[in-house]
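Each chain, written out:
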Amino acid sequence: MPHTAEWRVRLHLFEDSDGTTKAHVVLDTGTMALTGHGTAHCHPADADVPEIGDELAAGRGLRNIAQQLLDIAERDIEGVGAPRPVARQVTGWSM
(Lines give C-alpha, C1' and ligand atoms only; values in the text may rest on other atoms or scores of the structure.)
Protein backbone atom coordinates (compact mmCIF):
# COMPACT_ATOMS: atom_id res chain seq x y z
CA MET A 1 0.00 0.00 0.00
CA PRO A 2 1.52 3.39 -0.97
CA HIS A 3 2.29 5.74 1.89
CA THR A 4 3.26 9.39 1.88
CA ALA A 5 4.05 11.48 4.94
CA GLU A 6 5.53 14.85 5.71
CA TRP A 7 7.45 15.40 8.93
CA ARG A 8 8.51 18.85 10.04
CA VAL A 9 11.82 19.69 11.71
CA ARG A 10 12.52 22.89 13.62
CA LEU A 11 16.15 23.53 14.49
CA HIS A 12 17.15 26.44 16.71
CA LEU A 13 20.78 27.41 17.35
CA PHE A 14 22.00 29.48 20.30
CA GLU A 15 25.54 30.65 21.02
CA ASP A 16 26.65 31.56 24.54
CA SER A 17 29.28 34.15 25.35
CA ASP A 18 31.65 31.33 26.44
CA GLY A 19 31.84 29.89 22.91
CA THR A 20 29.26 27.15 23.39
CA THR A 21 26.73 26.59 20.62
CA LYS A 22 23.55 24.72 21.50
CA ALA A 23 21.05 23.17 19.12
CA HIS A 24 17.42 22.43 20.00
CA VAL A 25 15.73 20.20 17.42
CA VAL A 26 12.03 19.33 17.31
CA LEU A 27 10.74 16.66 14.93
CA ASP A 28 6.96 16.72 14.51
CA THR A 29 5.58 13.65 12.75
CA GLY A 30 1.96 14.68 13.12
CA THR A 31 1.37 11.91 15.66
CA MET A 32 4.34 12.52 17.97
CA ALA A 33 7.03 15.10 18.61
CA LEU A 34 10.63 14.29 19.47
CA THR A 35 13.10 16.76 20.93
CA GLY A 36 16.85 16.51 20.44
CA HIS A 37 19.79 18.50 21.72
CA GLY A 38 23.36 19.00 20.61
CA THR A 39 26.25 21.17 21.74
CA ALA A 40 29.60 22.32 20.42
CA HIS A 41 32.36 24.07 22.33
CA CYS A 42 34.94 26.35 20.74
CA HIS A 43 38.36 25.76 22.28
CA PRO A 44 39.88 29.07 23.42
CA ALA A 45 42.93 28.47 21.22
CA ASP A 46 40.81 27.89 18.10
CA ALA A 47 39.67 30.56 15.67
CA ASP A 48 36.11 31.72 16.32
CA VAL A 49 34.17 30.42 13.32
CA PRO A 50 30.47 30.40 14.30
CA GLU A 51 29.45 28.31 11.27
CA ILE A 52 31.54 25.38 12.53
CA GLY A 53 29.86 25.49 15.93
CA ASP A 54 26.47 25.66 14.23
CA GLU A 55 27.28 22.65 12.05
CA LEU A 56 28.56 20.57 14.95
CA ALA A 57 25.72 21.42 17.33
CA ALA A 58 23.06 20.91 14.63
CA GLY A 59 24.60 17.63 13.51
CA ARG A 60 24.73 16.35 17.07
CA GLY A 61 21.14 17.42 17.71
CA LEU A 62 19.97 15.68 14.54
CA ARG A 63 22.00 12.59 15.45
CA ASN A 64 20.21 12.60 18.83
CA ILE A 65 16.83 12.64 17.03
CA ALA A 66 18.01 9.87 14.68
CA GLN A 67 18.95 7.65 17.63
CA GLN A 68 15.55 8.24 19.22
CA LEU A 69 13.82 7.27 15.95
CA LEU A 70 15.88 4.09 15.66
CA ASP A 71 15.08 3.14 19.26
CA ILE A 72 11.35 3.73 18.67
CA ALA A 73 11.44 1.69 15.45
CA GLU A 74 13.14 -1.22 17.23
CA ARG A 75 10.48 -1.20 19.95
CA ASP A 76 7.77 -1.06 17.29
CA ILE A 77 9.35 -4.00 15.46
CA GLU A 78 9.27 -6.01 18.68
CA GLY A 79 5.67 -4.86 19.20
CA VAL A 80 4.55 -6.59 16.02
CA GLY A 81 6.21 -9.83 17.09
CA ALA A 82 9.53 -9.61 15.27
CA PRO A 83 12.79 -10.01 17.22
CA ARG A 84 14.86 -6.92 17.95
CA PRO A 85 17.84 -6.69 15.58
CA VAL A 86 21.07 -7.89 17.20
CA ALA A 87 23.28 -5.38 15.38
CA ARG A 88 22.46 -2.49 13.10
CA GLN A 89 23.61 -2.86 9.53
CA VAL A 90 25.68 0.08 8.38
CA THR A 91 26.12 0.93 4.72
CA GLY A 92 28.42 3.40 3.08
CA TRP A 93 31.62 4.89 4.41
CA SER A 94 32.40 4.55 8.09
CA MET A 95 32.89 7.71 10.12
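Predicted model only: the values in this text are computed from it and were never measured.

Could you give an account of the pattern of salt bridges, with specific residues and numbers?
Close approach of charged atoms lets side chains of opposite charge pair. Applying the stated rule across the entire model yields two salt bridges. A salt bridge links Glu6 to Arg8, with the nearest nitrogen and oxygen atoms 3.1 Å apart. Taken individually, Glu6 and Arg8 each receive the classification exposed, so the pair is uniform in this respect. Among the ionic pairs, Asp16 bridges to Lys22, the shortest N-O distance being 3.7 Å.

Outline the sheet that holds strand β3 (residues 33-41), listing residues and values.
Strand order across the open sheet formed by three strands is β1-β2-β3, with antiparallel pairing between neighbours. Each of the sheet's edge strands pairs with one partner strand only, and the pair in question is β1 (8-15) and β3. Strand-to-strand, the axes of this sheet are offset by a mean angle of 15°, without reference to chain direction. Sheet topology places strand β2 (residues 20-28) next to β3; nine bridges connect them, and they run antiparallel.

Requested: an account of a nonpolar patch on the surface, with residues and values cited.
On the surface, Val9, Leu11, Leu13 and Leu62 cluster together to form a nonpolar patch covering roughly 300 Å² of accessible area. Take the nonpolar patch: its biggest share by element is three residues, from β1. For Leu62, the location among the structural elements is in helix α1 (residues 50-79). Overall, the relative accessible area of 40% leaves Leu62 in the partly exposed class.

Go over the nonpolar core, please, and point to the residues and values.
Side chains that are nonpolar tend, in soluble globular proteins, to be buried together. Val25, Leu27, Leu34, Ile65 and Ile72 together form the largest nonpolar core, which totals five residues. Those elements that provide at least two residues to this core are β2 and α1.

Outline the layout of surface pockets, listing residues and values.
Unfilled space is identified by rolling a water-sized probe across the atoms. In this structure, the largest pocket spans a volume of roughly 200 Å³. Taken together, 16 residues make up the lining of the largest pocket; nearest its centre are His41, Cys42, Val49, Ile52 and Gly53. At the level of elements, β3 and α1 are the ones that each hand at least two residues to the lining of the largest pocket. It is α1 that provides the largest number of residues to the lining of the largest pocket, a total of five residues.

Can you tell me about the environment of Thr21, naming the residues and giving the values?
Structurally, Thr21 is set in strand β2. In this structure the C-alpha to C-alpha distance between Thr21 and Cys42, which are 21 residues apart in sequence, comes to 8.2 Å. Contacts of Thr21, omitting those with residues within four sequence positions, involve Phe14, Glu15, Gly38, Thr39, Ala40, Gly53, Asp54 and Ala57.

I'd like a description of α1, backed by residues and values.
The terminal C-alpha atoms of α1, which comprises 30 residues, lie 43 Å apart, in line with the 44 Å expected from a rise of 1.5 Å per residue. Among all positions in α1, only Gly53, Ala57, Ala58, Gly61, Ile65, Ile72 and Glu74 are buried. Next to the buried residues of α1 lie β1, β2 and β3.

Cut-offs applied
- Residues numbered from 1 in each chain as written.
- Predicted model: local features only at pLDDT ≥ 70, side-chain atom pairs only at ≥ 80, totals over all residues.
- Heavy atoms only, no water.
- Salt bridge = Lys/Arg side-chain N within 4 Å of Asp/Glu carboxyl O.
- Buried < 20%, exposed > 50% of the residue type's maximum accessible area, 1.4 Å probe, protein only.
- Pairing = 2+ DSSP bridges.
- Helix = DSSP H or I, 4+ residues; strand = E, 2+ residues; numbered from the N terminus.
- Axes fitted to C-alpha atoms, helices over the stretch in contact; angles between N-to-C directions.
- Patch = residues over 30% accessible without salt bridge, like charges linked within 9 Å, V, L, I, M, F, W, Y side chains within 5 Å.
- Areas by Shrake-Rupley, 256 points an atom, 1.4 Å probe, with all protein chains shown as cover.
- Core = buried A, V, L, I, M, F, W, Y, C linked by side-chain atoms within 4.5 Å.
- 1 Å grid on protein atoms, 1.4 Å probe; cavity = no way out; pocket = protein on both sides within 12 Å on 5 of 7 lines; lining within 4 Å.
- Points joined across faces, edges and corners; volume = space filled by probe spheres on them.
- Contact = heavy atoms within 4.5 Å.
- Expected span 1.5 Å × (residues − 1).

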